[in-house]
Amino acid sequence: MKILDKISGFLFPLQNSCLLCKKGASYGSLCPKCRDEIITRHDFTFCPVCGRYQLEVSSAKQKHNVCQECRETTPRFLAAKSLGPFRGALKEAIYIYKYKGHRSLSIVFGQLLAELLLDEPGLADTDLLVPVPLSQEKAVTRGFNQSELLAVKIGKILNLPVSNDLVRVRNTPSQSKLARKARMDNIKGAFALSNKISGGNVVLIDDILTTGATAGECAGVLLQAGVQKVTVLTLASGIQEKDNYLF
Ligand SMILES: [Zn+2]
Ligand SMILES: [Zn+2]
C-alpha cells in the first residue's frame, strides 16, 4: 500500500473494501461495480403477477406471460416487484446481508428498493410499508429482521410510514424444500395483526419472494383488515421450474 493510500484511508475511515468482490473501494458496503452488477438490467421473462423469473431471454410477446401457478391460484397480492432474479451477485449480496450480519448492506439495498418503488407507476400511491415478520426464533438467532431494516431505510428515503403490526403468531417448519402449494398450507394462519392498520395501499417488504406463499398469506391478513391493495417489493425473486413456463 502506498503511503498516500494509507493517509487517505486514515482520513476517510469509511472507505472499506467492497463486501462482495473484496477489492473495490466502497464508502458503504459495495463498490460501484458490484452495486451496478446487482441491478444489471436483464431480458429474462418474468410473471407480471408473482414477479418470478424464467431464465429464458424474453421476446416482447413472452414478457407478460402469467405463470402456470398464478393462473391456477391468483395470489392475494396485486403484483410483486424485485431488483432481479435470485442468482449471481444479488444472491451473494443477500446471503452476506442475512447470514453474515452485514447490516450496512441495508443502506444500498434500501436505496435500490426506493428507486424501484418510485419507478413503478402502480406504487405511486403507497400509504404504508409493512415488513414480513420473522419468527421469534429466527429474530433471536439472526439478531435483526432483514426485511424490517429494509422497510425502515425505504421509509426514510421516501418519507413513508412503516408498520410493525403484522406479526407472526405461529412458528412454521422451514419452507425451503416445499413446493408452492405445500408452502401455502404450511404458512396458513402464521400471521396476524397486533393493532389496527390504517392505509389503503400497502407495500409488503421482504428479502426474497421464493414461491409467493408467505407474501400471499401476509397479503390475505392485510386485506381482511381493510387494506385495499397489497403490492410486494423484494430484493430478489425466485426462478421458476421449466414446467411453469407458458410459451
Ligand atoms: Zn465490489
Ligand atoms: Zn406467477
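Preceding this paragraph is the structure being described.
A brief look at the structure comes next. Note that the structure is a prediction, hence the values are computed from the model and not measured.

### Considering the overall build of the protein chain
Next up, step 1: Across its full length, the protein chain holds nine helices and ten strands.
Next up, step 2: Counting across all 247 residues of the protein chain, residues that qualify as buried make up 47%.
Next up, step 3: Contacts in the protein chain between residues far apart in sequence, at least 24 positions, make up 70% of those at least 6 positions apart.
Next up, step 4: Carbon and sulfur atoms make up 54% of the accessible area of the protein chain, which totals about 13,100 Å².

### Some points on the coordination of the zinc ion (ligand 1)
Next up, step 1: Protein-derived coordination of the zinc ion (ligand 1) comes from C18 (SG), C21 (SG), C31 (SG) and C34 (SG), at a distance range of 2.3 Å.
Next up, step 2: Coordination at the zinc ion (ligand 1) is tetrahedral, judged from the four donor atoms that bind it and the angles of 106 to 114° they form at the metal.
Next up, step 3: Expressed as a motif, the donor residue spacing for the zinc ion (ligand 1) is C-x2-C-x9-C-x2-C. Of this pair, C21 sits in the loop between strand 1 (16-17) and strand 2 (25-26) while C34 sits in helix 2 (residues 32-38), placing them 13 residues apart in sequence.
Next up, step 4: Owing to a relative accessible area of 26%, C21 belongs among the partly exposed residues under this scheme.
Next up, step 5: A residue is classified by how much of its surface remains accessible, and C34, at 5% relative accessible area, is buried.

### Focus on the packing of aromatic side chains
Next up, step 1: Under the defined criterion, the tally for this structure stands at four aromatic pairs.
Next up, step 2: Where Y97 meets F109, the ring centres are 5.4 Å apart and the plane angle is 75°; that geometry is what we call edge-to-face. Residue Y97 is located in helix 4 (residues 88-99), and its partner F109 is located in helix 5 (residues 105-119); the two are separated by twelve residues in the primary sequence. Each member of the pair, Y97 together with F109, is buried.
Next up, step 3: A connected cluster of aromatic rings, assembled from ring pairs, spans Y97, F109 and F144.

### As for the pattern of salt bridges
Next up, step 1: Evaluation of the coordinates by the stated rule reveals six salt bridges.
Next up, step 2: With a shortest N-O distance of 3.3 Å, K229 and D125 are connected by a salt bridge. Here the residue K229 occupies a position in strand 10 (residues 229-237), and D125 occupies one in the loop between helix 5 and strand 6 (128-131), the gap between them amounting to 104 residues.
Next up, step 3: Look at K229 and you get buried, because its relative accessible area is 19%.
Next up, step 4: Residue D125 is classed as partly exposed on the basis of its relative accessible area, which comes to 37%.

### Some points on the coordination of the zinc ion (ligand 2)
Metal coordination angles in their ideal form are 109.5 degrees for the four-donor tetrahedron and 90 or 180 degrees for the six-donor octahedron.
Next up, step 1: Bound to the zinc ion (ligand 2) on the protein side are C47 (SG), C50 (SG), C67 (SG) and C70 (SG), at distances that span 2.3 to 2.4 Å.
Next up, step 2: Each of the four donor atoms around the zinc ion (ligand 2) contributes to a set of angles spanning 103 to 114°, which defines the coordination as tetrahedral.
Next up, step 3: Sequence spacing of the donors to the zinc ion (ligand 2): C-x2-C-x16-C-x2-C. Here C50 is found in the loop between strand 3 (44-46) and strand 4 (53-57), whereas its partner C67 is found in the loop between strand 4 and helix 3 (68-72), with 17 residues between them in sequence. This pair shows no difference in class: C50 is buried, exactly as C67 is.

### Things to note about the sheet that holds strand 10
Next up, step 1: Across the sheet, four strands lie side by side as 5-10-9-6; this open sheet has parallel pairing. For this open sheet the edge positions go to strand 5 (79-85) and strand 6, each flanked by a neighbour on one side alone. Taken over all neighbouring pairs, the strand axes of this sheet differ in orientation by 25° on average, direction set aside.
Next up, step 2: Alignment of strand 6 against strand 9 (residues 201-209), held across four bridges, turns out to be parallel. Opposite L129, over in strand 9, you have V203 as the bridge partner.

Parameters and conventions
- Per-chain numbering applies: the sequence of each chain, read as written, is numbered from 1 onward.
- Chains and ligands are labelled sequentially in the order written, the chains with letters from A and the ligands with numbers from 1.
- The model is predicted, so local features are restricted to residues of pLDDT at least 70 and side-chain atom pairs to those at 80 or more, both for listing and for counting; the totals for chains, interfaces and linings are taken over all residues.
- The side-chain quantities take in all heavy atoms of the structure and omit both hydrogens and water.
- Strands are runs of DSSP state E lasting at least 2 residues, helices are runs of H or I lasting at least 4, and numbering of each runs from the N terminus.
- Think of it in three bands: with a 1.4 Å probe and only protein chains considered, a residue is buried below 20% of the maximum accessible area for its type, exposed above 50%, and partly exposed in between.
- Residue contacts are counted whenever heavy atoms from the two residues lie within 4.5 Å of one another.
- Here, Shrake-Rupley sampling with a 1.4 Å probe gives the accessible areas, and only protein chains in the shown set may cover a residue.
- Listed donor atoms are N, O and S within 2.8 Å of the metal (Na, K and Ca: 3.2 Å). As water is not included, a site may look incomplete.
- Geometry is assigned from the angles between donors: four donors with all angles from 85 to 135 degrees make a tetrahedral site, four or six donors whose opposite pairs exceed 155 degrees while the rest stay between 65 and 115 make square planar or octahedral sites respectively, and everything else is labelled irregular.
- Two rings from Phe, Tyr or Trp (for Trp, the six-membered ring) form a pair when their centres sit within 6.5 Å of each other. Planes less than 30 degrees apart are called stacked, planes more than 60 degrees apart edge-to-face, and all others tilted.
- Within this document, salt bridges are pairs made up of a side-chain nitrogen of Lys or Arg and a carboxyl oxygen of Asp or Glu, the two lying within 4 Å of each other.
- A strand pair is defined by DSSP finding two or more bridges across the two strands.
- All axes here are fitted lines through C-alpha atoms, helices being fitted over the stretch that makes contact, and every angle between N-to-C directions spans 0 to 180 degrees.

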